[in-house]
Amino acid sequence: MKSHSIIALMLLLFITLSMETNAQISWKKQETVDNLPLQLFHSPQSINLPTVETLQQGDFEFEISHRFLPSIKDGSKDLYGFDGPVNMRIALGYAVTDDLVLTLGRSNVDDNLDLRGKYRLLQFKETFLPLLIGVQFGIAKNTQTLKPVASPGRTYQYFGQIIFNTMINKKLGIGVVPSFLYNSNIYRSDVQNSFTLGMNAQYYFTNMFSVLAEFNPTVNGYLNRFNSAAFGIELETGGHFFKIILTNNAKLNPSQFLSGADKDFGTGEWRLGFNITRLLKF
Amino acid sequence: MKNILLLCFLVSVELFSQGTELHVKQGSKNHVEFISDAPFGKFSGVTDNIDGYLYWEGNNYTTNSSLYFEVDLKTLDTGIGLRNRHMRENYLQTDKFPDASFKGKITNVTPAEQGSFNVDAEGEMFIHGITKNIKISGLLSKAENSDYNIKTNFTIKLSSYNIDIPSIMMVKLSEVIELKLNFNLFAVNKTEGKK
């Protein structure tokens, strides 16, 4: 009986002591869950090709882009293109949700007006390489054509793109963008279509400075003379992306760019251009 | 022998009921805000993602007191997606240092209006991989049921925590950042075990 009591006492003491140390602070750190959406490329677009990046719901993005038509080969005579003429695009994007951006853009080439929607579809965070998949669809209307077109409906163009983005070591972003364009050349008597396999890469030297390149070969269908290639630099500040580039394709709106380039970069017919985007919040 | 057992039991109950432990109440209207008031651009970032505890023994708040609060910096929202990303990736580096925390003890308590208390605390502030000893004062007040509320405002210098002020054009960030916290806690009932 007595020995039982001693065991019971020791047990109780033990429990008391062990509970006491636990009871000191019962708060436990919770494992934090990373609910942030995967973000790879910094800018919502490469040079002409889109990336999967979107904006935060309610954000606007204003874009102004130029492509100077004389090639740099013409030298100082045209001040490497700055004397013009120039193709330009202005656009305003709006994030309907965190995953959907609608953009209305206008180019002075055939007064092309385009409305496009980009949707961030899937993300794979835990894979060997992170992967983002997005889609973009657009409709374009050429509101003032230089020559008559076969029928009024032929002033409309449609395009669709699937965007695959990955990033190696948070430094090298890689994109593959299979694209389809309906009615590639509005002036042809019959409807032309183009399938292209866009590819882009961007290397981020620092948080604000990167170099980027793009290649958009036509794999099937209509090609306006040459496959498009472009390369340049990107500067990123608080709300801006500045891109200064060289390209053989002077078209800016997707429905015009996807049909191909008119100059041959193989002969050094590069043109200067820039894209500037500004993030806006009202 | 029975008396010893009873005494032992009473002592253990006494030990349990001695400390008061408050935990941050999740899902209540917790508010953590930083304000950067630079000459040409004022902005703030907000999150409700704060967790931690406040503990003391007895009635004078300072006996064996300890406290720990942490804020999940990844969830700070400045209202603009790109700015949030720049803040996370370029300045706070939240993939390496996801939380900011303050760990310390209560050093002084003085009664304030309406049953609330001015509480002085001293401890280690951890932000962006840097630990600094600082003193913070706040207002602790008793709310309904067994709930409490803490309000505190203080400032930190970004350079103290090796956070570079962006020298890039068009980014305006103040060197001195004002922090405003207002969050709720509940008392953990020790005799009912762990919460």
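All values reported here derive from a predicted model rather than from experimental measurement.

So, about the overall build of chain B. In terms of regular secondary structure, chain B is built from two helices and ten strands. Along the chain direction, N to C, the helices and strands of chain B fall in the order α-β-β-β-β-β-α-β-β-β-β-β. Relative to its 195 residues, chain B shows a buried fraction of 26%. Contacts in chain B between residues far apart in sequence, at least 24 positions, make up 57% of those at least 6 positions apart.

A few words on the pairing of strand E4 (residues 50-57) of chain B. Residue and element names in this part refer to chain B. Note: strand E1 (residues 19-24) against E4, five bridges, orientation antiparallel. Bridge assignment links Glu21 to a residue of E4, and that residue is Tyr55. With seven bridges joining them, E4 and strand E5 (residues 63-72) adopt antiparallel strand pairing. Looking at E5, one finds that Tyr55 is bridged to Ser66. Counting the residues that bridge the hairpin from E4 to E5 gives five residues, and of these Gly58 lies at a positive phi of roughly 75°.

Most of the time, phi is negative for any residue but glycine, and the peptide bond is trans. A:Gly84 connects to A:Pro85 through a cis peptide bond whose omega is 5°. Tracing the chain through its elements places A:Pro85 in the loop between strand E1 (60-68) and strand E2 (86-95). Look at A:Asn169: it is not a glycine, yet its phi comes out positive at around 60°. Relative to the helices and strands, A:Asn169 resides in the loop between strand E6 (156-168) and strand E7 (172-182). Notably, B:Gln93 is not glycine yet its phi reads approximately 50°, a positive angle. Here B:Gln93 shows up in the loop between helix H2 (81-92) and strand E6 (99-111).

Looking at chain B, pLDDT values average 85 and 85% of them are 70 or higher. Listed scores for the predicted complex are pTM 0.83 and ipTM 0.79.

Let us look at the nonpolar core. By size, the foremost hydrophobic cluster in this structure holds 28 residues, and its most contacted members are B:Ile50, B:Leu67, B:Ile150 and B:Leu185. For this core, the secondary structure elements donating two or more residues are E1, E4, E5, H2, E6, strand E7 (117-127), strand E9 (147-157) and strand E10 (176-188) of chain B. With near-sequence residues (within four places) excluded, B:Ile50 lies in contact with B:Val24, B:Asn30, B:Val32, B:Phe69, B:Val71 and B:Phe183. Of all hydrophobic cores here, the second largest spans 15 residues; its members include A:Phe41, A:Leu49, A:Met167 and A:Ala229.

Looking now at the environment of B:Lys96. All names here are of chain B. Relative to the elements of secondary structure, Lys96 occurs in the loop between H2 and E6. The class of Lys96 is exposed, set by 8 C-beta atoms lying within 10 Å. For the pair Lys96 and Leu76, spaced 20 residues apart in the sequence, the C-alpha separation amounts to 16 Å.

It is worth spelling out H2(B) at this point. If you check H2(B), its first and last C-alpha atoms are 15 Å apart, about what twelve residues at 1.5 Å a residue would give, namely 16 Å. Among all positions in H2(B), only B:Gly81, B:Leu82, B:Arg83, B:His86, B:Met87 and B:Leu92 are buried. On its buried side, H2(B) packs onto strand E13 (271-280) of chain A together with strand E3 (41-47) of chain B. Directly beyond the C-terminal end of H2(B), a positive phi value near 50° is found at B:Gln93.

Checked against the element boundaries, A:Gly268 lands in the loop between helix H2 (254-257) and E13. Separated by 163 residues in sequence, A:Gly268 and A:Gly105 place their C-alpha atoms 30 Å apart.

Calculation criteria
- Residues numbered from 1 in each chain as written.
- Chains lettered and ligands numbered in written order.
- Predicted model: local features only at pLDDT ≥ 70, side-chain atom pairs only at ≥ 80, totals over all residues.
- Helix = DSSP H or I, 4+ residues; strand = E, 2+ residues; numbered from the N terminus.
- Buried ≥ 20, exposed ≤ 12 C-beta atoms within 10 Å, placed from the backbone.
- Contact = placed C-beta atoms within 7 Å.
- Pairing = 2+ DSSP bridges.
- pLDDT = per-residue confidence, 0-100.
- Core = buried A, V, L, I, M, F, W, Y, C linked by C-beta atoms within 7 Å.
- Expected span 1.5 Å × (residues − 1).

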